[in-house]
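Descriptive analysis of the structure
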Amino acid sequence: MERTFIMLKPDAVQRGLVGEVIARFEKKGLKLVGMKLIQVDRALAEAHYAEHRGKGFFEPTVNYIMSSPVVAMVWQGKNGVALARELMGATNPANANPGSIRGMYGMDISRNIIHGSDSVTSAEREIALYFKPEDLVDYQKVGDEWLSE
Ligand code: CDP
Ligand code: MG
């Protein structure tokens, strides 16, 4: 079981897409193990996107995720990191599969709805940025036994 960090970005919150996007993760079979609505400050935004410091889109992206509240979540499941990236679609919604979240709800790379960790190592780093270990809940869910043997 892998855990991945997922963030519904300010545009998702402002456009009222929170429920629809969460529903897609739930229906796929991933399990929600942590969630909170937060206002990201500059220090957290810069830490989140540290790998992109120095690139042209760094500052606009930092400002974007600080521009309104976000929903920070941790989802768990078999192959969860890659699976979430598949559900999200390509970084640029213009190139994303139309059935994916970014492909379905987004128009432009600068407003692409959702963040998801790109590897297990990134997931561990990002989860630790946003959550204390005790904020995450491990639990059995009705239906777990119907998802895999
Ligand atoms: O989010 P993802 O891992 O798919 O893409 P990334 O390459 O790690 O870029 C991080 C974020 O920066 C993207 O999700 C966009 O919000 C933003 N970005 C942008 O606005 N313009 C670009 N040319 C590249 C990234
Ligand atoms: Mg990335």
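Quick notes on the rules
- Residues numbered from 1 in each chain as written.
- Chains lettered and ligands numbered in written order.
- Predicted model: local features only at pLDDT ≥ 70, side-chain atom pairs only at ≥ 80, totals over all residues.
- Heavy atoms only, no water.
- Near = heavy atom within 4 Å.
- Polar contact = N/O pair within 3.5 Å; in protein donor to acceptor, adjacent residues only side chain to side chain.
- Nonpolar A, V, L, I, M, F, W, Y, C, P; charged D, E, K, R; others polar.
- Helix = DSSP H or I, 4+ residues; strand = E, 2+ residues; numbered from the N terminus.
- Buried < 20%, exposed > 50% of the residue type's maximum accessible area, 1.4 Å probe, protein only.
- Arc of directions from axis to C-beta.
- Salt bridge = Lys/Arg side-chain N within 4 Å of Asp/Glu carboxyl O.
- Core = buried A, V, L, I, M, F, W, Y, C linked by side-chain atoms within 4.5 Å.
- Contact = heavy atoms within 4.5 Å.
- Lys, Arg positive; Asp, Glu negative; His and termini not counted.

Here we look at the site of ligand 1
K9, Y49, H52, F57, T61, Y64, R85, T91, R102, I109, S110 and N112 make up every residue found near ligand 1. Within the side chain of R85, a nitrogen or oxygen atom sits 2.9 Å from an oxygen atom of ligand 1. Side-chain polar atom of T91 to an oxygen atom of ligand 1: 2.5 Å apart, as the coordinates give it. When its residues are assigned to classes, the shell around ligand 1 shows four nonpolar, five polar and three charged.

So, the side chain of H52
Within the secondary structure, H52 is located in the loop between α3 (42-48) and α4 (58-66). A polar side-chain atom of H52 sits 2.8 Å from a polar atom in the side chain of K55.

A word on helix α7 (residues 120-130)
Among the residues of α7, S122, A123, E126, I127 and Y130 are the ones counted as buried. Down the axis of α7, the buried set is contained in an arc of 130°. They therefore lie on one face. Exposed positions of α7 whose direction lies more than 90 degrees from the buried face are T121, E124 and A128.

Observations regarding the pattern of salt bridges
In the structure shown here, the tally under the stated rule is four salt bridges. We note a salt bridge from K31 to D144, for which the minimum N-O separation is 3.0 Å. Remark: D144 occurs in the segment after α7 and K31 occurs in strand β2 (residues 31-38); sequence separation between them is 113 residues. With relative accessibility at 10%, the residue K31 sits in the buried group. With its nearest N and O atoms 3.0 Å apart, the salt bridge here joins E59 to R42. With E59 in helix α4 and R42 in helix α3, this pair connects stretches of sequence that are 17 residues apart. For E59, a relative accessible area of 36% puts it in the partly exposed group.

Remarks on the nonpolar core
If you look at the biggest cluster of nonpolar residues, it comprises 19 residues, and the most contacted ones within it are F5, V40, I65, Y130 and F131. Only β1 (2-8), β2, α3, α4, β3 (70-77) and α7 provide two or more residues apiece to this core. A total of four residues in this core trace back to one element, the largest contributor, which is α4. Discounting chain neighbours no more than four positions away, the residues touching Y130 are F5, M7, K36, I38, V40, L44, H48, I65 and A72. If you look at the next biggest cluster of nonpolar residues, it comprises 18 residues, including V21, V71, M73 and L87.

Some words on the side chain of K9
Of note, K9 is situated in the loop between β1 and α1 (10-14). Although K9 lies buried, it forms no salt bridge, and the closest oppositely charged side chain, D11, sits 6.8 Å away as judged by the N-O distance. Discounting residues that sit within four places of it in the chain, K9 has contacts with Y49, Y64, I65, V70, R102, N112, I113, I114 and H115.

Comments concerning the environment of I127
Looking at the element boundaries, I127 is found in helix α7. Classification of I127 as buried rests on a relative accessible area of 12%. Between the C-alpha atoms of I127 and A72, which are 55 residues apart in sequence, the distance is 9.1 Å. Once you skip the residues sitting within four places of it in the chain, I127 turns out to touch R3, T4, F5, V74 and L136.

Considering α4
Buried residues of α4: F58, T61, V62, Y64 and I65, and no others. Down the axis, α4 shows its buried residues gathered within 160° of arc, on one side only. Buried positions along α4 lie against β1, α1, α3, β3 and α7.

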